[in-house]
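Results of the structural survey
In case you want the letters, here they are:
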Amino acid sequence: MKKLIYALAGAFLASFGVSAQGIKTPSPSTTQTIKQEFALSSIELTYSRPNIKGRTIFGDLVPFGKVWRTGANAATKLTFGEDVKVGGIQVKAGTYVLYTIPNKDEWEIVLNKGLENWGVDGYKTEQDVARFKVKPIALPFTVETFTMQFENVQPAATDLHILWDKTLVSFPVTADIDGKIMSQIDKALNVDSKPYFRQLLIILKQEKI
């Protein structure tokens, strides 16, 4: 019954176009935004989540060897609050588009500056800021809804997981925080209030976590 309602609503919108503005229906690929505290700032991820719906995903719906938006609808975006390394490659703080090139035995991960791109439309290789390869992992279960998440979160390292169907792809994000913390301590030592003992206690407590 629900499928019939959605189908009729879609047909109605298509028939009446602009005159049907104001009628809202559920998105077939919902958008999710995740903000993960990381290092001395955070990482924010925004992407759309299609479902399998009985389709063959990798090698069919998502062709091998072609640039993929890594989700649905608008291009997937990653925002880093500070300079990081992604897959071992230095990346400046800022917002980037995350593209992937899936293959059966190897995926290529791409960070790109094309923030105005819709999916892969407008993609230009000269706007790439990082490109590296990872090995996909076969899962013993099926993930129906396309999912991205941060795992193995440590003070200066985390992994971004991409899961769909029976495939998992993971790549690391790291940050150099030791120098930044020492710089903060040095600055604290040069002010009259000298709160560095409290700073050191906080750091020592964090190291035990």
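Scroll up a little and you will see the structure.
Residues numbered from 1 in each chain as written. Predicted model: local features only at pLDDT ≥ 70, side-chain atom pairs only at ≥ 80, totals over all residues. Heavy atoms only, no water.

So, the overall build of the protein
Within the protein, the secondary structure is distributed over three helices and ten strands. Put simply, the protein runs from its N terminus to its C terminus through helices and strands in the order α-β-β-β-β-β-β-β-β-β-β-α-α. Burial status across the protein gives 34% buried among its 209 residues. By sequence separation, contacts in the protein at least 24 residues apart represent 53% of the contacts at least 6 residues apart. (Helix = DSSP H or I, 4+ residues; strand = E, 2+ residues; numbered from the N terminus. Buried < 20%, exposed > 50% of the residue type's maximum accessible area, 1.4 Å probe, protein only. Contact = heavy atoms within 4.5 Å.)

Here we look at the environment of T70
One can find T70 in the loop between β2 (41–49) and β3 (76–80). By relative accessible area, T70 is classed as buried at 0%. Linking T70 and T147, residues 77 residues apart in sequence, is a C-alpha distance of 9.9 Å. Look past the residues within four positions of T70 in its chain and what remains in contact with it is T76, L98, Y99, T100, F146, M148 and I162.

Digging into the packing of aromatic side chains
Two numbers describe a pair of aromatic rings. These are the distance of the centres and the angle of the planes. The final tally for this structure, using the stated rule, is eleven aromatic pairs. When the centroid spacing of 5.9 Å and the interplanar angle of 85° are considered together, the rings of F58 and W68 count as edge-to-face. Here W68 lies in the loop between β2 and β3 and F58 lies in the loop between β2 and β3, a separation of ten residues in the sequence. With respect to burial, F58 and W68 carry one shared label: buried. Between F80 and Y96, the ring centres sit 6.3 Å apart and the planes meet at 45°, which makes this aromatic pair tilted. With F80 in strand β3 and Y96 in strand β6 (residues 94–101), the pair connects residues that are 16 residues apart, well separated along the chain. Here F80 matches Y96 in class, with each residue buried. Here the aromatic cluster, defined as three or more aromatic residues joined through ring pairs, consists of Y47, F58, W68, W107, F146 and W164. (Phe/Tyr/Trp six-rings, centres within 6.5 Å; stacked < 30°, edge-to-face > 60°.)

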